[in-house]
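Each chain, letter by letter, is given below.
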Amino acid sequence: VFGEACEEINGLVLIRLMLKMSQELINQKLSKIVKKFIKGKEITPESKLKDLGLDSLDIADILAAIEEEFGFEFEDEEMYSISTVEDLKNLIEKKM
């Protein structure tokens, strides 16, 4: 019984570690994509895309780059709900 409990705990630890690594990879890829479209501004999760100087065409290009990088497509309703970098990250995590 003890061995089975240890295996289950180890499995949960591994899942949490993989999730954390996945989130870090998402953050890195997202940051790299967004940085291509902004000029020297600091990006935080709370950064509003419009405040970063991005217009609707830039945002459409960012969404297309994300779709290509992560291998999925956004629904129209999802695209309209995005206003911050955190919104983008959360949506990517939801889609994966």
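Residues numbered from 1 in each chain as written. Predicted model: local features only at pLDDT ≥ 70, side-chain atom pairs only at ≥ 80, totals over all residues. Heavy atoms only, no water.

1. Describing a negative patch on the surface
Note the following rule: Only residues above 30% relative accessible area that lack a salt bridge enter a patch, with like-charged residues linked at up to 9 Å and the nonpolar side chains Val, Leu, Ile, Met, Phe, Trp and Tyr linked at up to 5 Å. Method for areas: the Shrake-Rupley scheme with a 1.4 Å probe, in which residue coverage is limited to the protein chains shown. For this analysis, a salt bridge means a side-chain nitrogen from Lys or Arg found within 4 Å of a carboxyl oxygen belonging to Asp or Glu. Just so you know, the count uses Lys and Arg for positive and Asp and Glu for negative, and it drops His and the chain ends. Charge positions are represented by NZ for Lys, CZ for Arg, CG for Asp and CD for Glu. Here a helix means four or more residues in a row that DSSP labels H or I, a strand means two or more in a row labelled E, and each is numbered from the N terminus. With a 1.4 Å probe rolled over the protein chains alone, any residue whose accessible area is under 20% of its type maximum counts as buried; one over 50% counts as exposed, and the rest are partly exposed.
On the surface, a cluster of negative charge is contributed by Glu-73, Glu-75, Asp-76 and Glu-77. Along the chain, Glu-77 turns up in helix α3 (residues 76–80). Glu-77 gets classed as exposed once you look at its relative accessible area, which sits at 59%.

2. Considerations on the pattern of salt bridges
For the coordinates displayed, the defined rule picks out 4 salt bridges. When the shortest N-O distance is used, the salt bridge between Glu-86 and Lys-89 registers 3.9 Å. Linking Glu-86 with Lys-89, this pair stays in helix α4 (residues 85–95), spanning 3 residues, or about one helical turn. Given the relative accessible area of 15%, Lys-89 is considered buried.

3. Here's the deal with the nonpolar core
Filter applied, for reference: We define the nonpolar core as a collection of buried residues of types Ala, Val, Leu, Ile, Met, Phe, Trp, Tyr and Cys that are connected through side-chain atoms lying within 4.5 Å of one another. The criterion used for residue contact is that any of the two residues' heavy atoms lie within 4.5 Å.
Leu-49, Ile-66 and Leu-88 are the most contacted members of the largest nonpolar core, which totals 20 residues. Mapped onto this core, the elements with two or more residues apiece are α1 (2–35), α2 (56–70) and α4. Per-element accounting of this core gives the leading share, 5 residues, to α2. Sequence-distant contacts of Leu-88, that is, excluding residues within four places in its chain, are made with Leu-30, Val-34, Leu-49, Ile-62, Leu-63, Ile-66 and Ile-82.

4. Some details on α4
What counts, and what does not: Directions pointing from the helix axis toward each C-beta atom define the arc.
Every buried residue belonging to α4 is among Val-85, Leu-88, Lys-89, Leu-91 and Ile-92, and all of these are buried. Taken end-on, α4 shows its buried residues confined to a sector of 165°, consistent with a single buried face.

5. Overview of the packing of aromatic side chains
In plain terms, the rule: For Phe, Tyr and Trp, rings pair up if their centres lie within 6.5 Å, where Trp contributes its six-membered ring, and each pair is then called stacked (planes under 30 degrees apart), edge-to-face (over 60) or tilted (otherwise). As a reminder, the over-ring test applies to NZ of lysine and CZ of arginine, requiring each to be within 6 Å of the ring centre and within 35 degrees of the ring normal.
Summed over all chains, the structure comprises 2 aromatic pairs. Seen in terms of ring centroids, Phe-72 and Phe-74 are 5.4 Å apart; in terms of plane orientation they differ by 85°. Their pairing is edge-to-face. For the pair Phe-72 and Phe-74, one class covers both residues: buried. A cation sits over an aromatic face here: Lys-29 above Phe-70, 5.5 Å from the ring centre.

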